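Structural overview for review
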Amino acid sequence: MSSSSMPGWVAVEAILRAGRAAIDELHRRLAERGHPDVRPAHGYAFQAIGADGTTAGELGVRLNVTKQAAGQMVDELTRLGYVTREPDPDDGRRRLVQLTPRGVDCLRVSAAIFEEIVAEWRARGDDVDVAVAALAGLADLYGGRLRPIW
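Being a predicted model, the structure only gives us computed values, none of them experimental. (Residues numbered from 1 in each chain as written. Predicted model: local features only at pLDDT ≥ 70, side-chain atom pairs only at ≥ 80, totals over all residues. Heavy atoms only, no water.)

1. Focus: the environment of Arg39
Definition in use: For helices the rule is a DSSP run of H or I covering at least 4 residues; for strands it is a run of E covering at least 2, with both sets numbered from the N terminus onward. Identification of polar contacts relies on pairs of N or O atoms within 3.5 Å, with a donor-acceptor requirement for protein atoms, meaning one able to donate a hydrogen and the other able to accept it, and with residues adjacent in sequence counted only if both atoms are side-chain atoms.
Structurally, Arg39 is set in the loop between helix 1 (8–32) and helix 2 (40–49). Considered as a pair, Arg39 and Arg145 are 106 residues apart in the sequence and their alpha carbons are 19 Å apart. A polar contact is formed between the side chain of Arg39 and the side chain of Glu76, at a distance of 2.7 Å.

So, in structure tokens, the structure goes:
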């Protein structure tokens with residue numbers, strides 16, 4: 001079957017399966033490397049917290065979730081040792097959420113694993129750059145934005 005005659009549902013299913021497989025493989029390897037308790041939603045939160053930290057309310061805005069959902073995520077990440085809540089040095093009324101060394105390590109290890117996964121994809125002989133450009137174009141077409149699903 002040529003790609004032009006492939007039913008739309010087959011193409012979309014392949015895209016979704018590939019994304020899910022990559023995330024599942026990431027988390028399998030993260031568990032092997034000392035982060036067995038990380039869920040996919042945590043990675044989004046780590047990215048949104050960033051190097052400078054943020055408040056739980058701002059985290060909710062960045063993740064496009066409610067303040068309550070963001071607060072629950074921060075509570076969980078605090079319990080797991082990935083973030084801390086400290087008074088904001090610029091405004092004592094606010095509590096700043098910051099990555100701990102364990103959280104920073106998880107981000108570093110995740111980035112290395114993604115590089116491994118892409119290298120393995122390239123080793124198959126697939127034109128990864130063309131595939132990524134096509135998928136990015138599809139996301140742009142429909143305003144695709146990553147958002148955690150817990």
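Following the structure, the description resumes.
2. Some thoughts on the side chain of His42
We apply this condition: Working definition: with a 1.4 Å probe on protein chains only, accessible area under 20% of the residue-type maximum means buried, over 50% means exposed, and in between means partly exposed. Note on definitions: a residue-residue contact is assigned when non-hydrogen atoms from the two residues lie within 4.5 Å.
Along the chain, His42 falls in helix 2. Under the relative-accessibility criterion, His42 is labelled buried at 0%. Apart from residues lying up to four places away in sequence, His42 is in contact with Asp37, Met73, Glu76, Leu77 and Leu80.

3. Let's talk about the UniProt feature "domain: HTH marR-type" (unreviewed entry) in the chain
Under the convention used in this document: UniProt positions are given in the numbering used here, feature names are shortened, and annotations may be inferred rather than shown by experiment.
In the numbering used here, UniProt assigns the feature "domain: HTH marR-type" (unreviewed entry) to residues 31–130. Overall, residues 31–130 shows 59% helix and 15% strand. The separation of its end C-alpha atoms is 31 Å.

4. Describing a nonpolar patch on the surface
Stated precisely, the cut-off is as follows: Only residues whose relative accessible area exceeds 30% and that take part in no salt bridge are eligible for patches, with like-charged residues grouped when within 9 Å of each other and nonpolar side chains (Val, Leu, Ile, Met, Phe, Trp, Tyr) grouped when within 5 Å. Only the protein chains shown count as covering a residue, and every accessible area follows the Shrake-Rupley method with a 1.4 Å probe. A carboxyl oxygen of Asp or Glu within 4 Å of a side-chain nitrogen of Lys or Arg is what we treat as a salt bridge.
A surface patch of nonpolar side chains, about 500 Å² in accessible area, is lined by Ile15, Leu135, Leu138, Leu141 and Tyr142. Per-element tally for the nonpolar patch: the top contributor is helix 6 (residues 128–141), with 3 residues. In this fold, Leu135 is placed in helix 6.

5. Details of helix 1
What sets the pattern is the α-helix's 3.6 residues per turn: residues three or four places apart point alike. In plain terms, the rule: The length a helix should cover is 1.5 Å for every residue beyond the first.
Taking 1.5 Å of rise per residue, the 25 residues of helix 1 would be expected to cover 36 Å, and the 37 Å separating its terminal C-alpha atoms lies within 8% of that figure. Among the residues of helix 1, Leu26, His27, Arg29 and Leu30 are the ones counted as buried. At its buried positions, helix 1 is contacted by helix 2 and helix 5 (101–123). Within two residues after helix 1, Gly34 carries a phi angle of roughly 100°, on the positive side.

6. A look at the nonpolar core
The test is simple: By nonpolar core we mean a set of buried residues, namely Ala, Val, Leu, Ile, Met, Phe, Trp, Tyr and Cys, connected to one another through side-chain atoms within 4.5 Å.
Leu30, Leu59, Leu77, Tyr82 and Val83 are the most contacted members of the largest nonpolar core, which has 26 residues in total. Sorting the residues of this core by element identifies helix 1, helix 2, helix 3 (56–63), helix 4 (67–79), strand 2 (91–99) and helix 5 as the ones contributing at least two each.

7. Topic: helix 5
Compared with the 33 Å implied by 1.5 Å per residue over 23 residues, the 33 Å span of helix 5 between its first and last C-alpha is a close match. Regarding helix 5, the residues found buried are Gly103, Cys106, Val109, Ser110, Ile113 and Ile117. Its buried side turned inward, helix 5 meets helix 1, helix 2 and strand 2. Of the residues one or two after helix 5, Gly125 is the one with positive phi, at around 95°.

8. A short note on the pairing of strand 1 (residues 83–88)
Heads up, the condition is: One requirement defines pairing of two strands: DSSP has to find at least two bridges between them.
Across 6 bridges, strand 1 lies against strand 2 in antiparallel orientation. Residue pairing in the sheet places Pro87 in a bridge with Arg95 of strand 2. Where strand 1 folds back on strand 2, the antiparallel hairpin that results is connected by 2 residues.

9. Considerations on the environment of Glu120
Residue placement: Glu120 occurs in helix 5. Separated by 23 residues in sequence, Glu120 and Gly143 place their C-alpha atoms 29 Å apart.

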